[in-house]
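Chain by chain, the residues run as shown.
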Amino acid sequence: MTLLDVDDLSVRQADGHELLHGLSFTLARGERLGLIGESGSGKSLTALAILSLLPAGLTAHGSVLVSGTQVVGAADRRLDRVRGRAVSAVFQEPLMALDPLMRIGRQIAGPLRRRRGLRGAALRAAVLAALEEVRLPERIASAYPHEVSGGQRQRAAIAMALACEPDLLIADEPTTALDVSVQAEVLALLDGLVAEKGMALLFIGHDLAVVAGVADRLIVLRDGAVVESGRTEDIVKEPRHTYTRSLVHSAWEFEAELDRLAP
Amino acid sequence: MKGFVAGCVLVGVVLALAAVSLVWLPYDPADTSGARLVPPGGAHLLGTDKLGRDLLTHLMIGARIALTAGAGSVLLGGVLGVAAGLAAGFATRWLDDALAAALDALIAFPTLLLAMLVVAVREASLGSAVLAIGLAMSAVVARLTRILVKRVLAQDYITAARTSGSSWPRVIVEHVLPNIWPTLLVNLALQFGLAVLAEASLSYLGLGPPPPNASWGRLLHEAQATVLTAPVGAIAPGILLVVLVVGVNLVADGLRDLAPGRSR
């Protein structure tokens, strides 16, 4: 079953300048697609266009079907039903993704209350269950975002995104802002949860080693256009485009450096 | 923190005067049977004015008027300003530009001139003064609110909340207002002090509540002629004005330090 059908999606500025040119792909239940490219390549714009949350002044053209609902040009009322339920997202900066003045537990409770209609003790239990799922202790529920570490914040953001069991999760550079050791933990956690719940995953990143570790298929973006796409394995083994080749090459170089130091 | 406590004490003095005036006054404010320009002490604690009215009585009523003017203006200016600021913050670029220009024009217009306009249309009263001061204040509050809203809306947690399906009204109530509130509160406290001063200025010019309502500004004006023979009449309302305005400013400073999110 196709959860996400993006067809000829482009994003334009008010002056007509195109930032993303005709992107097309589909994503089915259980699939993991990686979107890779340098900053400014249009990765994050793609995520925001799918959520219909493009910043003011940018418009999406083409077609984006999320669980069969057309998102491009849809009214907010309709989108409020799609977001959080059919599709949810985790963003790059975990400190920024949480409201600094609201206890973490309450932030996770928000979608649970709205989407699943939970109240009182049932709501509290669901919040604790959501925290446990991302391996966070109970006390985090009553903490403010600035009181916990970056990794914990990102786990909380993941708990918030997954609270309503969306069919599709968009992860926009979810580990870029984290320390490398924490990065691996969060990735493993995300990987496990997506597999466990059978969700579809759209993983966005700039680090080939990270994206390739998570995604089955890759789309390589550059300057708003698709450079290359295909199975992760094929692209890593035999990159066809020069840009992809340089990506793969530099990833290997880091690897080689480690091998040289610690054979 | 010391400043905050001191501010609370200063504001508390004025609050106490106003509160007591509601249930008890030393003399009837219209009582002119006392001797004229009696110096402080004796039956009239702070003396009497040139009509033989008790000064303390009028100062207490003046405290009530000053606080009403401050609270009324802040309420009016706050509600109008926050509403307009939210609208501008959320508006499309075209409407936002128009609102911003209108606000700048309103801010450029002197409060006292606006007040004279309102008084000319209505009549000189506490209500007119509050209306004029509140309107002028709403422009300042709206401009601040607009900037604060824009800054909050650019944050990822708004996108995250929208991503999880929160509607705009809910985002405003749950995320936007709580995040702009601390800054807004500090500003409103400062505006309260400015409103008290504005009302005193209007009354001094005779555009405030008419006699026998003894606004501090009018007491200052009336004591002007006798300032050399009976200085207390001019000094006392002046001191009370300073006490209230300095107190409110200290409270505002304290609130800013106490505001959540500063430890971030």
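Predicted, not measured: the structure shown is a model, and the values here were computed from it.

For this particular structure, what's the right way to read the overall build of chain A?
Helices and strands together make up the secondary structure of chain A, namely 9 helices and 10 strands. If you line up chain A on its principal axes, its C-alpha atoms span 55 × 50 × 35 Å. The buried share of chain A, taken over its 263 residues, is 41%. Expressed as a percentage of contacts within chain A between residues at least 6 apart in sequence, the contacts between residues at least 24 apart total 64%.

Can you help me understand the packing of helix H3 (residues 104-116) of chain A against helix H5 (residues 150-162) of chain A in this one?
A pair of packed helices is characterised by two quantities: the angle between their axes and the separation of those axes. Residue and element names in this part refer to chain A. The interhelical angle for the contact between H3 and H5, taken along N-to-C directions, is 20°, at an axis separation of 8 Å. What the angle tells us is that H3 and H5 run roughly parallel. Where H3 crosses over H5, the handedness of that crossing is right-handed. Mapping the contact onto sequence places Ile104, Gln107, Ile108 and Pro111 in H3 and Ala156, Ala159 and Met160 in H5. For the contact of H3 with H5, the residue count by class is 6 nonpolar, 1 polar and no charged.

What should I look at first to understand the interface of chain B and chain A in this one?
Often the size quoted for an interface is simply the accessible area lost on bringing the parts together. Facing 20 residues of chain B, the contacting portion of chain A comprises 26 residues. Of all the secondary structure elements, the ones that give two or more residues to the side of chain B that touches chain A are helix H6 (156-163) and helix H7 (168-204) of chain B.

Explain the packing of helix H2 (residues 55-90) of chain B against helix H5 (residues 126-153) of chain B here, please?
All names here are of chain B. At their nearest, the axes of H2 and H5 sit 5 Å apart, and the two run at 40° to each other. Read as a crossing pair, H2 and H5 show a hand that is right-handed. The residue inventory of the contact of H2 with H5, partitioned by class, reads 18 nonpolar, 11 polar and 2 charged.

Looking at this structure, how should I read the sheet that holds strand E6 (residues 87-90) of chain A?
Think of a sheet as strands paired side by side through backbone hydrogen bonds, with each pair either parallel or antiparallel. Residue and element names in this part refer to chain A. Strands sit in the order E6-E7-E8-E3-E9-E10 across an open sheet of 6 strands; the sheet is mixed. Since the sheet does not close on itself, it has two edges, and those belong to E6 and strand E10 (225-231), each with one partner. Recorded for the sheet is a direction-independent mean angle of 15° between the axes of neighbouring strands. As paired elements, strand E7 (residues 168-172) and strand E8 (residues 200-205) share 5 bridges and run parallel to each other. What sits directly across from Ile170, in E8, is Leu202. Taken strand by strand, helix H1 (residues 43-50) contacts strand E3 (32-36), E6, E7, E8 and strand E9 (217-222), and its axis lies near 150° from that of E7.

How should the confidence of the model for chain B be read in this particular structure?
Any region with low pLDDT has predicted coordinates that should not be read closely. Considering every residue of chain B, the mean pLDDT works out to 88; 98% of them sit at 70 or more. Note on the complex model: pTM 0.79, ipTM 0.77.

Teacher, can you tell me more about the environment of Ala198(B) here?
Residues and elements named next belong to chain B. On the secondary structure map, Ala198 appears in helix H7. The class for Ala198 is buried, based on 25 C-beta atoms found within 10 Å. It is 7.6 Å that separates the C-alpha atoms of Ala198 and Leu112, two residues lying 86 residues apart in sequence. Not counting chain neighbours up to four residues away, the residues in contact with Ala198 comprise Thr111 and Ile133.

Looking at this structure, I do not really get the nonpolar core. What am I missing?
The nonpolar side chains of a soluble globular protein tend to be buried, and buried together. With 144 residues, the main nonpolar core has Ile50(A), Ile108(A), Ala159(A), Leu168(A) and Ile133(B) as its most contacted residues. Look past the residues within four positions of Ile50(A) in its chain and what remains in contact with it is Leu4(A), Val6(A), Val64(A), Val66(A), Val71(A), Val87(A) and Ile170(A).

I would appreciate a short explanation of the environment of Pro100(A) in the present structure.
With respect to the helices, strands and loops of the structure, Pro100(A) is situated in the loop between E6 and H3. Separated by 19 residues in sequence, Pro100(A) and Arg119(A) place their C-alpha atoms 24 Å apart.

For this particular structure, what's the right way to read the sheet that holds strand E2 (residues 18-28) of chain A?
All names here are of chain A. Here we have 4 strands laid out as an open sheet, ordered E2-E1-E4-E5, and antiparallel in their pairing. Only two strands of the sheet have a single partner each, and these edge strands are E2 and strand E5 (69-70). Looking at chain direction, strand E1 (residues 2-13) and E2 are connected through 7 bridges and run antiparallel. What sits directly across from Leu4, in E2, is Leu27.

Looking at this structure, I do not really get H6(B). What am I missing?
Think of an α-helix as turning once every 3.6 residues; residues three or four places apart then point the same way. The element H6(B) is extensively covered by neighbouring structure, given that 7 of its 8 residues are classed as buried. Turning to H6(B), its buried residues are Tyr157(B), Ile158(B), Thr159(B), Ala160(B), Ala161(B), Arg162(B) and Thr163(B). Check the buried side of H6(B) and you find it contacts E6 and H5 of chain A together with H5 and H7 of chain B. Just past H6(B), the residue Gly165(B) takes up positive phi, approximately 95°.

Any chance you could explain the pairing of E3(A) here in plain terms?
Each regular strand displays side chains that alternate between the two surfaces of the sheet. Residues and elements named next belong to chain A. Where burial is concerned, most of E3 is hidden: 5 out of the 5 residues are buried. Residues Arg32, Gly34 and Ile36 point to one face of E3 and Leu33 and Leu35 to the other, with burial holding for every one of them. Pairing between E3 and E8: 5 bridges, direction parallel. Paired with Arg32 across the strands is Leu201, a residue of E8. In this structure, E3 lies alongside E9, joined through 4 bridges in parallel fashion. Pairing of Ile36 across the sheet is with Val220, part of E9.

How should the pairing of E7(A) be read in this particular structure?
Residue and element names in this part refer to chain A. Counting buried residues along E7, 5 of its 5 residues qualify, which places the element largely inside the surrounding structure. On E7, burial covers both faces: Leu168, Ile170 and Asp172 on one face and Leu169 and Ala171 on the other are all buried. The sheet contact formed by E6 and E7 spans 4 bridges and is parallel. Within the sheet, the bridge partner assigned to Ser88 lies in E7 and is Leu169. As a crossover connection, the stretch from E7 through helix H6 (residues 180-197) into E8 is right-handed.

Cut-offs and rules
- Residues numbered from 1 in each chain as written.
- Chains lettered and ligands numbered in written order.
- Predicted model: local features only at pLDDT ≥ 70, side-chain atom pairs only at ≥ 80, totals over all residues.
- Helix = DSSP H or I, 4+ residues; strand = E, 2+ residues; numbered from the N terminus.
- Buried ≥ 20, exposed ≤ 12 C-beta atoms within 10 Å, placed from the backbone.
- Contact = placed C-beta atoms within 7 Å.
- Axes fitted to C-alpha atoms, helices over the stretch in contact; angles between N-to-C directions.
- Parallel < 35°, antiparallel > 145°, perpendicular 65-115°, else oblique.
- Left-handed = near helix turned anticlockwise from the far one by under 90°.
- Nonpolar A, V, L, I, M, F, W, Y, C, P; charged D, E, K, R; others polar.
- Pairing = 2+ DSSP bridges.
- pLDDT = per-residue confidence, 0-100.
- Core = buried A, V, L, I, M, F, W, Y, C linked by C-beta atoms within 7 Å.
- Right-handed = clockwise from strand over helix to strand, strands pointing away.

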